[in-house]
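Observations on chain architecture
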Amino acid sequence: MPKVIKLYVRYVDAMNTKVGKFSQYLVFAMMGILLYESLSRTIFNRPHIWVVESAQFLMAAYYLLGGGYSMILDGHVRMDLLYGRWSAKRQALSDIFTAFLLMLYLVFLLLGGVSGVRYAVTYGQVNYTPWAPPLAPIKIIMTLGILLMLLQVIAIFFKDLATIRGEKIT
Amino acid sequence: MSYELIALLIFASMMVMLLTGQRIYGAIGGVATVFALLLWGEGAEGMPFHASFILLNWYPLLTLPLFIYMGYMFSESGIASDLYHMFHVWMGPINGGLAIGTIGLMTAVAAMNGLSVAGMAIGASLALPEMLKRKYDKVMISGVIQAGSSLGIMIPPSVVLVLYGMIARQPVGHLWMAGVFPGLLLAGLFVAYIYIRCKLNPSLGPALSAEERQMSWGQKFRLLRAGIIPLVIIFSMTGMFLMGITSLVECSAAGAAATTLAALVKGRLNRQVIEDTLRNTLSVSCMFMWVILAALCFSAVFDGLGAVHAIESLFLEKWALSPFGIIVMMQLTYLLMGMFLDDTAMLIIVAPLYVPLVIKLGYDPIWYGVLYTITCQIAYLTPPFGYNLFLMKAMAPKEVTLGDIYRSIIPFVIVMCIGLAIVMLFPEIALWLPHKYFAR
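It is worth spelling out the overall build of chain B at this point. The number of helices and strands found in chain B is 22 helices and 0 strands. Dimensions along the principal axes, computed over C-alpha positions, put chain B at roughly 75 × 50 × 45 Å. In chain B, which comprises 440 residues, the proportion classed as buried is 62%. Taking the contacts inside chain B whose residues are at least 6 apart along the sequence as the reference set, 82% of them involve residues at least 24 apart. Total accessible area on chain B stands at roughly 16,100 Å², and carbon and sulfur atoms take up 68% of it. Here chain B carries 23 positive and 21 negative side-chain charges, and the mean point of each set is 12 Å from the other.

Here it is, written out as structure tokens:
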């Protein structure tokens, strides 16, 4: 495989691993906010209006930013009725063809995300809630997560190409 | 082209894409995008991302990563091995006792977890090797663990019922309460099945030898203390939620925190455990969330074709089914689809079509949620696509072959179908407890 591709795969892998290792800690952040709120409300009778949305935003960041890393961990299930019986090369070949559909999906996710961000930034969009937080930051984070996922899918596409040619990119 | 034909075409292309072995979320999302672009005019390109905002506002879904975290932390914490030891000693002396004890363990684990992952991990790493060592029939115990761990989505807390509650707009508290007795009924049926089979053929599950049974009653009773920590966890989570102290999402956070504390108390909490738990949690959560994201987009495209109306007219006018016949038909289609489809995706795509019809026919959507969950449990086991099958393949020791795993589920699927029929014929099994508890 050309050097550029090898470099690309290496960098994307490293970046997504870093981002994923960060976002896996967001579980603690969600847990912390929710525990704080339940104590504050039940014991001190002091509920907060920012709790639900902050937790929701954390959740969106968690699974979208973690997406690329979950691909590296190979955490996504497949229907392996036929796939499970194939050789590694044949699996890679099948993935190469079907990856175009996956990329199409991610490209449109990304396009939707970009236009959502543009709208939120231009009109200073806020959420329709008493707290009314601006939506631009979370939309940017979500779109970044989708972009990272797309980059990772492309990296895996290259890895599959290498597998077919009997090489291995690490 | 008629709408029915288009709907059929969409479904067929999704099945073909799934068969190629592409990741479920990619296959569903890709097909949804293509048909959105083909069928929908302006705004079609925004449909995939729009789903992410629907998902953002599904607040109860926050329970998903927290319950998954809890499951992994629980299986690392060593609480399960104490519990297993307790069941081992108390149930060991009878034929098939360890398998019955494993169902007991799985029921306890199910009361502390909302998915079947934790049960599978504990069953495959703890109970399976012990039973193999004592010459239990490997086909039977492979089924015991898969069927037993599926109780995780029925006995509260249950993530599947949370998801159903969101789609059907039903209160989760009622749904969880409704899951208690059907869950115990299924556990009871499993125990009865194991007991009868081992009575007929003791070589399937030999009783513990005399040396192994030597233990004073004092020691035996001290083992029961293993049940204390689980009771504390169940109280801090499900108990506080049902008493109305914590909200649904807060209760999952409380459960996760309580389990972490329990691991700390047991001296099992170290950097490696935390790191592994967090990584596994991220991996499984992302898998579910991306599947749900794609399925929501698919469901929106599908819904736009008027699929709800099409199904209604098919069942009511074309086939002229009785109301109960429709419920039976729905369960049959679920069972069939559950073999091939991802169960989460199935719920998101099919439930919006069925639930309005169920309500229109005058049935209780809470009861229907329980029926759906039992079919989901069965779907977890039935090949070619089932989460418990995948987990079993990944976790089982070498002597348990793929053929063993496939063969092992047959009797348990039959037992679960009997359980499903019982709950269908006697809705009170599910509805008595929530009516009693929430009656003003």
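This part is about the state of the cysteines. On inspection of all chains with the given rule, the structure shows 0 disulfides over all chains. Here C417 of chain B stays free of any disulfide, with the sulfur of C376 of chain B as its closest cysteine sulfur at 14 Å.

So, on to the pattern of salt bridges. For the structure on display, the rule yields 11 salt bridges over all chains. K159 of chain A is paired through a salt bridge with D13 of chain A; the nearest N and O atoms lie 2.8 Å apart. One end of the pair, K159 of chain A, is in helix α7 (residues 136-164); the other, D13 of chain A, is in helix α1 (residues 3-23), with 146 residues separating them in the sequence. K266 of chain B is paired through a salt bridge with D82 of chain B; the nearest N and O atoms lie 2.3 Å apart.

Turning to the side chain of Q24 of chain A, a few remarks are in order. Here Q24 of chain A is to be found in the loop between α1 and α2 (26-42). Residue classification places Q24 of chain A among the buried positions, given a relative accessible area of 0%. Within polar-contact distance, the side chain of Q24 of chain A engages the side chain of E275 of chain B at 3.3 Å. When sequence neighbours within four positions are dropped, the list of residues in contact with Q24 of chain A reads Y62 and Y69 of chain A together with E275, L278, R279 and L282 of chain B.

Looking now at the packing of aromatic side chains. Inspection of every chain in the model, using the stated rule, returns 33 aromatic pairs over all chains. With centroids separated by 6.1 Å and ring planes inclined at 35 degrees, the aromatic side chains of W217 of chain B and F221 of chain B adopt a geometry described as tilted. With a gap of 4 residues between them, W217 of chain B and F221 of chain B both fall in helix α12 (residues 217-223), about one helical turn apart. Taking relative accessible area as the criterion, W217 of chain B reaches 54% and is therefore assigned exposed. By relative accessible area, which is 48% here, F221 of chain B ends up partly exposed. Between the NZ or CZ atom of K139 of chain A and the centre of the ring of F53 of chain B, over which it lies, the distance is 5.1 Å. In this structure, K220 of chain B packs its charged tip against the face of W90 of chain B, placed 5.9 Å from the ring centre.

Right, let's talk about the packing of helix α4 (residues 63-77) of chain B against helix α14 (residues 248-265) of chain B for a bit. Residues and elements named next belong to chain B. Where α4 contacts α14, the two axes come as close as 9 Å, and the packing angle between them is 20 degrees. Classified by the angle between their axes, α4 and α14 sit roughly parallel to one another. Of the two elements, α4 crosses α14, and the hand of that crossing is left-handed. Facing T63, L66, F67, Y69, M70, M73, F74 and S77 of α4, the residues of α14 in contact are L248, V249, S252, A253, G255, A256, T259, T260 and A263. Looking at the contact of α4 with α14 residue by residue, the class counts come to 11 nonpolar, 6 polar and no charged.

With that out of the way, let us pick up the nonpolar core. Within the largest apolar cluster, 228 residues are counted, with the highest numbers of intra-cluster contacts made by Y25 and W290 of chain B. At 19 residues, helix α15 (residues 271-303) of chain B tops the list of elements feeding residues into this core. The residues contacting W290 of chain B, other than those within four sequence positions of it, are Y63, L64, G67, H76, L106, L109 and M149 of chain A together with Y25 of chain B.

Moving on, we come to the confidence of the model for chain A. Regions with low pLDDT carry predicted coordinates that are not meant to be interpreted in detail. When the pLDDT values of chain A are averaged, the result is 93; 100% of them are 70 or greater. Within chain A, the lowest mean pLDDT, 83, falls on helix α5 (residues 80-83) of chain A, and the highest, 96, falls on α7 of chain A.

This next bit is on the confidence of the model for chain B. Residue and element names in this part refer to chain B. Taken residue by residue, chain B gives an average pLDDT of 88. The fraction at 70 or more is 99%. By mean pLDDT, helix α11 (residues 210-213) is the weakest element of chain B at 70, and helix α10 (residues 172-200) is the strongest at 94. In the predicted complex, the global pTM is 0.91; the interface-specific ipTM is 0.95.

Residues and elements named next belong to chain A. Looking at the element boundaries, Y123 is found in helix α6 (residues 88-123). By relative accessible area, Y123 is classed as exposed at 60%. The sequence separation of Y123 and F157 amounts to 34 residues, and the corresponding C-alpha distance is 38 Å.

Take helix α21 (residues 402-425) of chain B next. Residues and elements named next belong to chain B. Here α21 contains 24 residues, and its C-alpha end-to-end distance of 35 Å stays within 8% of the 34 Å for a straight helix at 1.5 Å per residue. Helix geometry: α21 is bent most strongly at I410, by close to 30 degrees, with proline P411 lying one to four residues after it. Lining the buried residues of α21 we find α8 (138-149), α10, α17 (323-340), α19 (365-381), α20 (387-395) and α22 (428-438).

Let's shift gears to the interface of chain A and chain B. Facing the 60 residues of chain A at the interface are 62 residues of chain B. A buried area of about 5,700 Å², summed over both sides, lies between chain A and chain B, and 74% of it is on carbon and sulfur atoms. The largest per-residue losses of area from chain A upon contact with chain B belong to Y63, M79 and Y105 of chain A, which jointly make up 15% of the total buried on that side. Our count for the chain A to chain B interface comes out at 2 salt bridges. Note that R41 of chain A is salt-bridged to E250 of chain B, the shortest N-O span being 2.9 Å. The tally of links from chain A across to chain B stands at 12 residue pairs in polar contact (both at pLDDT 80 or more). Per-element tally for the side of chain A that touches chain B: the top contributor is α6 of chain A, with 13 residues. Here the side of chain A that touches chain B is built from residues that sort into 38 nonpolar, 15 polar and 7 charged.

A word on the packing of helix α5 (residues 79-91) of chain B against helix α7 (residues 117-133) of chain B. All names here are of chain B. Remark: α5 packs on α7, axes separated minimally by 11 Å, with the N-to-C direction vectors making an angle of 35 degrees. Read as a crossing pair, α5 and α7 show a hand that is right-handed. Taken together, the residues of α7 that come into contact with α5 (itself represented by A80, S81, Y84 and H88) are I122, L126, A127, E130 and M131. Across the contact of α5 with α7, the residue classes tally to 6 nonpolar, 2 polar and 1 charged.

Residues and elements named next belong to chain B. Mapped onto the secondary structure, M424 falls in helix α21. M424 sits 207 residues away from W217 along the chain, and the two C-alpha atoms are 43 Å apart. The residues touching M424, leaving out its near neighbours within four places in the chain, are F324, I327, V328, Q331, W367 and L371.

Here we take up unusual backbone geometry. Residue P157 of chain B is reached from P156 of chain B by a cis peptide bond, and omega for that bond is 0 degrees. In this fold, P157 of chain B is placed in the loop between α8 and α9 (159-168). Within the chain, N45 of chain A stands out as a residue other than glycine whose phi angle is a positive 55 degrees. Considering the arrangement of structural elements, one finds N45 of chain A in the loop between α2 and α3 (51-65). On the basis of relative accessibility, which here comes to 63%, the residue N45 of chain A falls in the exposed class. If you check the backbone angles, A132 of chain A has positive phi at about 50 degrees while not being a glycine.

Reading the values: rules and limits
Residues numbered from 1 in each chain as written. Chains lettered and ligands numbered in written order. Predicted model: local features only at pLDDT ≥ 70, side-chain atom pairs only at ≥ 80, totals over all residues. Heavy atoms only, no water. Helix = DSSP H or I, 4+ residues; strand = E, 2+ residues; numbered from the N terminus. Buried < 20%, exposed > 50% of the residue type's maximum accessible area, 1.4 Å probe, protein only. Contact = heavy atoms within 4.5 Å. Areas by Shrake-Rupley, 256 points an atom, 1.4 Å probe, with all protein chains shown as cover. Lys, Arg positive; Asp, Glu negative; His and termini not counted. Charge placed at Lys NZ, Arg CZ, Asp CG, Glu CD. Disulfide = S-S within 2.5 Å. Salt bridge = Lys/Arg side-chain N within 4 Å of Asp/Glu carboxyl O. Polar contact = N/O pair within 3.5 Å; in protein donor to acceptor, adjacent residues only side chain to side chain. Phe/Tyr/Trp six-rings, centres within 6.5 Å; stacked < 30°, edge-to-face > 60°. Lys NZ or Arg CZ within 6 Å of the ring centre and 35° of its normal. Axes fitted to C-alpha atoms, helices over the stretch in contact; angles between N-to-C directions. Parallel < 35°, antiparallel > 145°, perpendicular 65-115°, else oblique. Left-handed = near helix turned anticlockwise from the far one by under 90°. Nonpolar A, V, L, I, M, F, W, Y, C, P; charged D, E, K, R; others polar. Core = buried A, V, L, I, M, F, W, Y, C linked by side-chain atoms within 4.5 Å. pLDDT = per-residue confidence, 0-100. Expected span 1.5 Å × (residues − 1). Bend = angle between axes of the 7 residues up to and from the residue. Buried area = accessible area lost by both parts, 1.4 Å probe.

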